[in-house]
Amino acid sequence: MIIQAQNVSYIYSEGGPFEKGALKDVSMTVESGAFIGIIGHTGSGKSTLVQHFNGLLRPTGGKVIVCGADTLDKKADLKTVRAKVGLVFQYPEHQLFAETVYKDIAFAPGNMGFSADETDAAVRESAALVGLSETLFEKSPFELSGGQKRRAAIAGVLAMRPQVLVLDEPTAGLDPRGREDILSQIKRLHAETGMTVILVSHGMEDIANCVDYLYVMDHGTIAMQGTPAEVYSRYERLEQMGLTAPQVTRLMKQRYGVDVCTVEQAKDYILGVLRRA
Amino acid sequence: MLKDITLGQYFPGNSPLHRLDAMVKIVLTFVFLSAVFTAKTALAYAAVAAFTVVIIMISGVPFKFVVKGLKPLVAFIAFTAVLNLLMTSGTVIWQWGFLRLTYEGAAYAVQMLARIVLLVLGTSLLTYTTSPIALTDGIERLLKPFGKMGLPTHELAMMMSIALRFVPTLLEETDKIMKAQMARGADFQSGNLLKRAKALIPLLVPLFISAIRRAEELATAMDCRCYRGGNHRTRLSEAKVTAADYAAGCVFAGLMTLVIFANKVG
Ligand SMILES: Nc1ncnc2c1ncn2[C@@H]1O[C@H](COP(=O)(O)OP(=O)(O)O)[C@@H](O)[C@H]1O
Ligand SMILES: [Mg+2]
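Criteria and thresholds
- Residues numbered from 1 in each chain as written.
- Chains lettered and ligands numbered in written order.
- Predicted model: local features only at pLDDT ≥ 70, side-chain atom pairs only at ≥ 80, totals over all residues.
- Heavy atoms only, no water.
- Near = heavy atom within 4 Å.
- Polar contact = N/O pair within 3.5 Å; in protein donor to acceptor, adjacent residues only side chain to side chain.
- Areas by Shrake-Rupley, 256 points an atom, 1.4 Å probe, with all protein chains shown as cover.
- Helix = DSSP H or I, 4+ residues; strand = E, 2+ residues; numbered from the N terminus.
- Salt bridge = Lys/Arg side-chain N within 4 Å of Asp/Glu carboxyl O.
- Buried < 20%, exposed > 50% of the residue type's maximum accessible area, 1.4 Å probe, protein only.
- Core = buried A, V, L, I, M, F, W, Y, C linked by side-chain atoms within 4.5 Å.
- Contact = heavy atoms within 4.5 Å.
- Buried area = accessible area lost by both parts, 1.4 Å probe.
- Pairing = 2+ DSSP bridges.
- Axes fitted to C-alpha atoms, helices over the stretch in contact; angles between N-to-C directions.

Asks: Please clarify how the site of ligand 1 should be interpreted in this entry.
Replies: All names here are of chain A. Taken together, 12 residues form the shell around ligand 1, and within it Lys 20, Gly 43, Lys 46, Ser 47 and Thr 48 come nearest. Residue Lys 20 places a side-chain N or O atom 3.3 Å away from an oxygen atom belonging to ligand 1. When ligand 1 sits alone it has 560 Å² of accessible area, and the protein chains cover 74% of it. Elements represented by at least two residues in the shell around ligand 1 include exactly strand E2 (20-30) and helix H1 (46-50). Top element by residues in the shell around ligand 1 is H1. It accounts for three residues.

Have a look at this one:
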C-alpha cells in the first residue's frame, strides 16, 4: 500500500479558544494503482484528510504513513513525500502566479530539483495529460479561460511526476461541459499511466463511474465505505448525511431492486431484462 | 499557523467590558494610555499593572489568549530593552568596547519594558472586547465633530471596517495559497534573505489578485444595494451612552488620579 492512515484525528488551533475538531479516528488504506473516491458534504473533513496525505497537515492523533514514511517522524523528508503525492487543491487556479503558463507548470519540477531537460519534458508531458495545448505555453495564465486555468494548475502538480495524484473537488465551479472534460481526462490519466488517483467530491454523479472504491465522510469520520454500487445502494443513509445518490441508482433500486450507479450499467441491465423477456 | 495570531482579534463574549459603548471604550483606552505614560515610579507602574490584570479578568478573555497577543512583538520588545540597556549613559557597571551597562540603563530598560507590555495589553483589550463593526461605529461617532470641517468621517469609518473585516479572510487565503505552493515544493523557511524574498512571489501574486478580485466583487455588491456614502444613512440600532459607561469613566478617572498620587508618594 502506498498511503495508510491509522486512527487519524486532527484538531485545528488545538488548545486555543477557536479549537475545532475536524477529523476523528479516520483509518484508510490506499493501494498502489487504485482509483479511490472520497465524498461527503461541505465541512465533513475531506480537505483536512487529504492534506495529511502529503504532510501539509500532521495528525494530532494517530498516524499517517506515506510511501513508508511516517509524516509525524521528525526526520521524515516531507519534500520527498510532497513530490510523491501530488495534491491539487480546491480551486487550484487561485495558485497560478508566473508570467507564462509554461513557467507556472515548471515551478514544481524546478523546486523538486529536476534538471532543465527533465523539467521541459515533464512540462510537455503533463500538459498533454490534461489536454492543454502547447500553443498556450507562452500566454499569461491569467488570460486563460476558467477550464484552461484549472487544467494548467493540475498540470502544475502532475509535472512533479507524483506516484499518487490527489484532487480536491477538481470540478467545483465548472459548467457541466467543463466538468465532464476534466473527469474524462482524469479517468484517461489513470488508465494510461496507472497512477494512483484519489478524487474528492461532494457530488455523487461525478465520480460514480470512475472510482473503484469509495469512502463516505460525515462529521470528520468515515461513515461508509465500499464499491460505488455498494455505497449508493444505501441511499437512505446517504440522504441522512445530506448526500444524494445518482438518480439512476434510485430509479433502478425502486423499479428493479438492483444496485447500479451509472446510466451505462442501467442500460445494460434493462437491455438484458428485455432480451430475456 | 497564521490564524493563531491573537493580537487585534475580537473575542466574542458578554462581559461588562463587552457591553460598554464602543465610543466610550475608545476614549477610555486613551485615558489608559495617558495613565501608562504618566506613571514614573515603581508604585505607579504597579498600580497600572494591577488595574490591567483586573480589567482583563473582568473581560472574561483568557489570560493565555491575551499573553499570546504579545508573541508577535517579542522581538521588538527584546530589541528595545537591549538597546535601552546598553545605550544609556550614567553610572557604569560593566563596559565592553562601546557597549556599557549602566544603572540608569537597567532602570530605563525595565521601565520601557513595563510600558510597552502594559500598552499592548491594555489597548488590545479594546479589540478583544469590541466587534469590528462596533469599533468603527465608535470611531465614526468620535470623529463626528470633524465631519463639520469637511472630513469624510463615514467614508473613513467604512474603509476601516472593511479593512478589519477582511483581515481574517486574507489570513485564511494566505494560509491556503501557502499550502498549495508548498504542495508544489515551495519552501518559505530556508535559504538566505534574498532567496526567501524570492520565495514569496508565488505567495504574494495570487494573494494580491484575490484581494483585488474580492474588492471588486464587494464594490459591485455595495453598488447593487445602492450604497452611496454617509449622507442620509440611518441606523438599525442607535448606540446609547448608559450609566454603566459613566461608571466606567469614573473608574478610569480614578486610575489616573491613583497614578498621579503614586508618582508623588513613591
Ligand atoms: N484552517 C482551518 N482552521 C480552522 N478550522 C478549519 C480550517 N479548515 C477547515 N476547518 C474546519 O474543519 C472542518 C472540516 O473542513 P474541511 O476539511 O475543509 O471540510 P470539507 O473539505 O469536507 O468541506 C470544518 O468544520 C471547517 O470549518
Ligand atoms: Mg474541501
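Asks: It is not clear to me how unusual backbone geometry should be interpreted in this structure. Could you clarify?
Replies: Glycine aside, residues mostly have negative phi, and peptide bonds are mostly found in the trans state. Positioned with a positive phi, Tyr91(A) is a non-glycine residue whose angle comes to about 50°. The topology assignment puts Tyr91(A) in the loop between strand E6 (85-88) and helix H3 (101-105).

Asks: How should the pattern of salt bridges be read in this particular structure?
Replies: Once the charged atoms of two side chains with opposite charge are near each other, the side chains can pair. Residues and elements named next belong to chain A. In this structure the tally under the stated criterion is 15 salt bridges over all chains. Note that Asp 120 and Arg 124 form a salt bridge whose closest N and O atoms lie 3.1 Å from each other. In this pair, Asp 120 and Arg 124 are both assigned in helix H5 (residues 116-129), four residues apart and thus about one turn of the helix distant. Residue Arg 124 is classed as partly exposed on the basis of its relative accessible area, which comes to 33%. Between Arg 124 and Glu 134 there is a salt bridge, with its nearest N and O atoms 2.6 Å apart.

Asks: Hey, could you run me through the nonpolar core in this one?
Replies: The tendency in soluble globular proteins is for nonpolar side chains to be buried as a group. Residues and elements named next belong to chain A. Counting residues in hydrophobic clusters, the biggest one holds 51 residues, and the most contacted among them are Tyr 232 and Leu 238. With five residues, helix H6 (residues 146-158) is the single largest residue contributor to this core. Those residues in contact with Tyr 232 that lie beyond four places of it in its chain are Ile 39, Met 204, Ile 207, Ala 208, Leu 214, Leu 238, Ala 245, Pro 246, Thr 249 and Cys 261.

Asks: Please explain the interface of chain B and chain A as it appears in this structure.
Replies: Many authors give the size of an interface as the accessible area that is lost as the parts come together. The interface of chain B with chain A comprises 23 residues on the first partner and 25 residues on the second. Buried surface at the junction of chain B and chain A, both sides included, amounts to about 2,000 Å², of which 63% is carbon and sulfur. Summed over the three residues of chain B that lose the most area to chain A, namely Lys179(B), Ala183(B) and Arg184(B), the buried surface amounts to 35% of that side. Its salt-bridge partner being Asp104(A), residue Arg184(B) comes within 3.1 Å of it at the nearest N-O pair. Where chain B packs against chain A, one counts four residue pairs in polar contact (both at pLDDT 80 or more). Secondary-structure elements contributing two or more residues to the side of chain B that touches chain A are helix H4 (63-68), helix H8 (153-183) and helix H10 (201-224) of chain B.

Asks: Help me understand the sheet that holds strand E3 (residues 35-39) of chain A in this model?
Replies: Strand pairing in a sheet relies on backbone hydrogen bonds. The paired strands run either parallel or antiparallel. All names here are of chain A. Across the sheet, six strands lie side by side as E6-E7-E8-E3-E9-E10; this open sheet has mixed pairing. One side of each edge strand has no neighbouring strand; the edge strands of this open sheet are E6 and strand E10 (221-226). Between one strand axis and the next, the sheet turns by 15° as a mean value, whatever way the strands run. Relative to E10, strand E9 (residues 213-218) is paired through five bridges, and the arrangement is antiparallel. Pairing of Asp 218 across the sheet is with Thr 221, part of E10. Against the sheet, H6 engages E6 and strand E7 (164-168), with an angle of about 165° to E6. Here helix H7 (residues 176-193) sits on the sheet in contact with E3, E7 and strand E8 (196-201), set at roughly 155° to E8.

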